[in-house]
Amino acid sequence: MQHSKLSEHTFKKGKFITPFNSISVMQALSDEKSWTYGRMPEYLWIGLILDHFGRDDGLRKLYSIISELHKLAPELYTVRISQILKLEHSVQRKLYNYINKVISKETLSPLTVILTSSKAPIFAECFYCPELSVEDRCSVLTETMCKIMDHQSNEATDIRFVALYFNLLSGKLHLLKDQIDLLAIYSTTEHTEEIMRTVRPTVRSLEMMILQFEDTNSIYLELFWRCISEMTECSIYSMVFPEETRDIDIYMENLHEIFAFLAELFTSSSPLDEKMNVILGIATYSYKRLKECYEHNLSNSISGRSCIRVLIEDYIMMKYLIKNEALHENIWRDYQLYGIGQYKLVLARHRENGVLAQSHFDTRYIEALVNEFKEEEFIDMDTKYFDKSNIRLKAESVDEKELFGLYYDYDSAFEHGLWGAIRESSLLKCNNPAHKYHCIPDVEDVNRLKSVLPDCIMVMNKTIVFLNELYGIPEQLLNEVTNFEIKSITE
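What you see is a predicted model; the values in this text were computed from it and never measured. For every chain, the first residue of its written sequence is number 1, and the numbers climb from 1 along that sequence. This being a predicted model, a pLDDT of at least 70 is required before a residue's local features are given, and a value of 80 or more before pairs of side-chain atoms are given or counted; all residues contribute to the totals for chains, interfaces and linings. Values shown for side chains rest on all heavy atoms present in the structure; no hydrogens or waters enter the calculation.

Draft legend 1. Seen up close, the overall build of the protein chain. Helix and strand counts for the protein chain come out as 20 helices and 5 strands. The globule rule puts the C-alpha radius of gyration for 491 residues at 23 Å, and the 33 Å found for the protein chain is more than 25% above it. When the backbone C-alpha atoms are referred to their principal axes, the protein chain occupies close to 100 × 55 × 45 Å. Residues count as neighbours in contact if any of their non-hydrogen atoms are within 4.5 Å of one another. Contacts spanning at least 24 positions in sequence make up 72% of the contacts within the protein chain whose residues lie at least 6 apart. Method for areas: the Shrake-Rupley scheme with a 1.4 Å probe, in which residue coverage is limited to the protein chains shown. Accessible area for the protein chain stands at about 27500 Å²; split by element, carbon and sulfur atoms hold 52% of it. The charge count includes Lys and Arg as positive and Asp and Glu as negative, but it does not include His or the ends of the chains. A charge is said to be at NZ when it belongs to Lys, at CZ for Arg, at CG for Asp and at CD for Glu. One finds the centroid of the 53 positive side-chain charges in the protein chain at a distance of 8 Å from the centroid of its 73 negative side-chain charges. The secondary structure listing takes helices from DSSP runs of H or I that are at least 4 residues long and strands from runs of E that are at least 2 residues long, numbered from the N terminus. Within these notes, the globule rule equals 2.2 Å times the number of residues to the 0.38 power, and the radius of gyration is based on C-alpha atoms.

Shown next, in the form of structure tokens:
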């Protein structure tokens, strides 16, 4: 399936709405009507037959079975197993005896781990095979489920064709001649043939039409998923990216030399220059974050994402301040007071509510910082964005929309603990279809995220080039940093 472009989404009230969801009549199916949760368990018996006998032989046997089912229960319009189990016991027994003449009873025996004698006595009596252990039966079920969980797979489409064909026998569904012609060639045409690229979508769309008059059986679905999930173990796997082991000591040494040069330039020539103080303060903060990331091996960690996010925001903020210097009187002083005002707000809350003795928030130290250059009673606390625009708008105004869009939002998810970041970093995937491919907590820290080091260097180099434009960094130092090439990572 081709993914829609961002430009094809509708932006409304702060939300990007997909092309499908923009169509009023389009709605996502409920779980009970979805393929994976609702329909696949009902049609699993068909999947077992197809998997056991292969497509050609399996479809022939199924045609014979559903034809017999239609004769025995002409009022039935679905091959959902839950509806077959509601037929009179005499009808069920005739059907199951016929099935056992067409196929071996071992084929459907795996379902008896769910359809036990207490839940489906006739089915269990006809298909239970004592020589097949519970483990063996569960294994067959999960292997078959793996092949048919994707509703667009060839195997799932074959099952959906059988369900559709039976519904046509019941007379519930009426099709156009062109649709009937396509269905007529389905069972005798290999999936590799070009015509099937048209036939398969037709089968899937027509099978969806059955949902209009089919009843869902939530009791059976709950039974199925509870039994199959409880009787099988998790099969865990994770994405483990290469560990960051690259040596960038030379880069960090040269970076240190640049910041040492700029610090000396500030103290010796412009110690009272608020503009230079702010710019170098922001840049030095970025340098220290990168230094922490590298020296403490955080490149593959959640904390590493925080590092690259800060580097990007700092870089955008520096460019924004410079661009708006002439438009915003005292922008350098206001920027400082804005940040100190944020500190004052937190300080005020701690004063009123108290703070733990061992808290990392040190009231006395923060109080000293807040009152460092201006009595706090004269410092307002602005809870809005600095200069009344968020970082996205600031990025756009300094022509860094792409840098923001490609990196910042992604790394912000880790900073704010949004679900995407939680899923990527803190949950492991279970590869068991019986567990609906759920996730489990990564308590043992198995996950290893992709390294942020190349991105950190890229943004830091942008910062250094920007500082060079303002203050002029010695060419040799500048080239040693900006021309640094990080090697490809190896295991």
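Draft legend 2. Layout of the pattern of salt bridges. Any Lys or Arg side-chain nitrogen found within 4 Å of a carboxyl oxygen on Asp or Glu counts as a salt bridge. For the structure on display, the rule yields 21 salt bridges. Each of R39, R160 and E207 takes part in one network of salt bridges that share partners.

Draft legend 3. Spotlight on the pairing of strand β4 (residues 427–430). Between any two strands, pairing holds if DSSP finds at least two bridges. Relative to β4, strand β3 (residues 236–237) runs antiparallel, the two sharing 2 bridges. Within β4, the residue paired with Y237 across the bridge is K429. Two strands pair when backbone bridges link them, and β4 and strand β5 (residues 439–441) are joined in this way by 3 bridges, in the antiparallel orientation. For L428, the partnering residue across the bridge sits in β5 and is I440.

Draft legend 4. Local environment of the packing of helix α1 (residues 35–53) against helix α7 (residues 154–170). All axes here are fitted lines through C-alpha atoms, helices being fitted over the stretch that makes contact, and every angle between N-to-C directions spans 0 to 180 degrees. Relative orientation of the contacting elements α1 and α7 amounts to 90°, with a least axis distance of 9 Å. One element, α1, and the other, α7, form an angle in the roughly perpendicular class. Across from W35, R39, Y43, I46, G47 and L50 in α1, the residues of α7 making contact are A156, D158, I159, R160, V162 and A163. Taken together, the residues of the contact of α1 with α7 sort by class into 8 nonpolar, 1 polar and 3 charged. Roughly parallel refers to an angle under 35 degrees, roughly antiparallel to one over 145, roughly perpendicular to one between 65 and 115, and oblique to any angle outside these ranges. All amino acids are sorted into three groups, where Ala, Val, Leu, Ile, Met, Phe, Trp, Tyr, Cys and Pro are nonpolar, Asp, Glu, Lys and Arg are charged, and the leftover types, Gly among them, are polar.

Draft legend 5. Structural detail: the side chain of E400. Note that E400 resides in the loop between α16 (391–397) and α17 (401–416). What qualifies as a polar contact is a pair of N or O atoms within 3.5 Å, subject to a donor-acceptor requirement within protein and to the restriction that residues adjacent in sequence count only when both atoms come from side chains. There is a polar contact of 3.1 Å between the side chain of E400 and the side chain of Y315. A polar contact is formed between the side chain of E400 and the side chain of K319, at a distance of 3.0 Å. Among residues more than four places away in sequence, those in contact with E400 are Y315, I316, K319, A395 and K462.

Draft legend 6. Spotlight on the nonpolar core. The criterion is simple. A nonpolar core is a set of buried Ala, Val, Leu, Ile, Met, Phe, Trp, Tyr and Cys residues joined through side-chain atoms within 4.5 Å. Burial here depends on accessible area, computed with a 1.4 Å probe over protein chains only, as a share of the maximum for the residue type. Under 20% is buried, over 50% is exposed, and the range in between is partly exposed. In terms of nonpolar packing, the biggest core is built from 66 residues, with W45, I46, V79, Y96, L108, I114 and F123 touching the most fellow members. The contacts of I46, once residues within four sequence positions are left out, are L62, V79, I159 and V162. Counting residues in hydrophobic clusters, the runner-up holds 51 residues, among them A283, Y315, I391 and V459.

Draft legend 7. Fine view of the packing of helix α11 (residues 249–269) against helix α19 (residues 453–471). The N-to-C vectors of α11 and α19 enclose an angle of 30°; their axes lie 12 Å apart at closest approach. Considering the angle they form, α11 stands roughly parallel to α19. Of the two possible hands of crossing, α11 and α19 adopt the one that is left-handed. Here Y251, L255, I258, F259, L262 and L265 of α11 lie close against α19, whose contacting residues are I457, M460, N461, I464, L467 and Y471. Here the contact of α11 with α19 is composed, by residue class, of 11 nonpolar, 1 polar and no charged. Here a crossing is called left-handed whenever its near helix is offset anticlockwise from the far helix by less than a right angle, and right-handed whenever the offset is clockwise.

All we've got here are geometric facts, nothing functional implied.
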